[in-house]
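# Structural overview
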Amino acid sequence: MDSIDNISMDNLSEIVKYAHLKGVRTYVTINTLLSDSELRELVDMVGEGLLAGVDAFIVQDYGVIGVLKEVYPNIVLHGSTQ
């Protein structure tokens, strides 16, 4: 696996596992502003990422940070500069 053309929730676990075997941390960036109606889907997607072993999430929206910390208290979040 020299390059990755397409990452999806279906193959995220495999990609994270491979990265960790190589000593590489994995981060998922969430740089979009969301409406309230989109939050449930995002929370579920982040949960899948956590189960896949993602090391941290890079987040732009302060509201999203608050929700994710409430739902997943031990989640590692980094602020986005975008």
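Presented here is a report on the structure given in the accompanying data block. (Residues numbered from 1 in each chain as written. Predicted model: local features only at pLDDT ≥ 70, side-chain atom pairs only at ≥ 80, totals over all residues. Heavy atoms only, no water.)

## Quick word on the overall build of the chain
Of regular secondary structure, the chain possesses 3 helices and 3 strands. Start at the N end of the chain and walk to the C end: the helices and strands fall as α-β-α-β-α-β. Computed over the C-alpha atoms, the radius of gyration of the chain is 13 Å, within 12% of the 12 Å expected from 2.2 N^0.38 for a compact globule of 82 residues. Judged by the C-alpha coordinates and their principal axes, the chain covers about 35 × 25 × 20 Å. Per-residue burial for the chain yields a buried fraction of 24% across its 82 residues. Taking as baseline every contact in the chain between residues at least 6 positions apart, the subset at least 24 positions apart corresponds to 57%. Of the accessible surface of the chain, which amounts to about 5,800 Å², a share of 51% is contributed by carbon and sulfur atoms. When the 5 basic and 12 acidic side-chain charges of the chain are each reduced to a single mean position, those positions are 12 Å apart. (Helix = DSSP H or I, 4+ residues; strand = E, 2+ residues; numbered from the N terminus. Rg over C-alpha atoms; globule rule 2.2 N^0.38 Å. Buried < 20%, exposed > 50% of the residue type's maximum accessible area, 1.4 Å probe, protein only. Contact = heavy atoms within 4.5 Å. Areas by Shrake-Rupley, 256 points an atom, 1.4 Å probe, with all protein chains shown as cover. Lys, Arg positive; Asp, Glu negative; His and termini not counted. Charge placed at Lys NZ, Arg CZ, Asp CG, Glu CD.)

## Some points on the side chain of D61
Topologically, D61 is positioned in the loop between β2 (56–59) and α3 (62–71). With no salt bridge to any partner, buried D61 finds its closest opposite charge in K69, at an N-O distance of 15 Å. A distance of 2.7 Å separates the side chain of D61 from the backbone nitrogen of G63, its partner in a polar contact. (Salt bridge = Lys/Arg side-chain N within 4 Å of Asp/Glu carboxyl O. Polar contact = N/O pair within 3.5 Å; in protein donor to acceptor, adjacent residues only side chain to side chain.)

## Describing the sheet that holds strand β3 (residues 77–79)
Paired through their backbone hydrogen bonds, the strands of a sheet run either parallel or antiparallel. Within the open sheet, the 3 strands sit side by side as β1-β2-β3. Their pairing is parallel. Two strands close off the open sheet at either side, each with one partner strand: β1 (27–30) and β3. Pairs of neighbouring strands in the sheet enclose a mean axial angle of 25 degrees, with direction left out of account. (Pairing = 2+ DSSP bridges. Axes fitted to C-alpha atoms, helices over the stretch in contact; angles between N-to-C directions.)

## Side note on the pairing of β2
Relative to β2, β1 is paired through 4 bridges, and the arrangement is parallel. In the sheet register, V28 faces β2, and the bridge partner there is F57. For the handedness criterion, the β-α-β arrangement of β1, helix α2 (residues 39–52) and β2 is classed as right-handed. Both β2 and β3 contribute to a ladder of 3 bridges, which runs parallel. (Right-handed = clockwise from strand over helix to strand, strands pointing away.)

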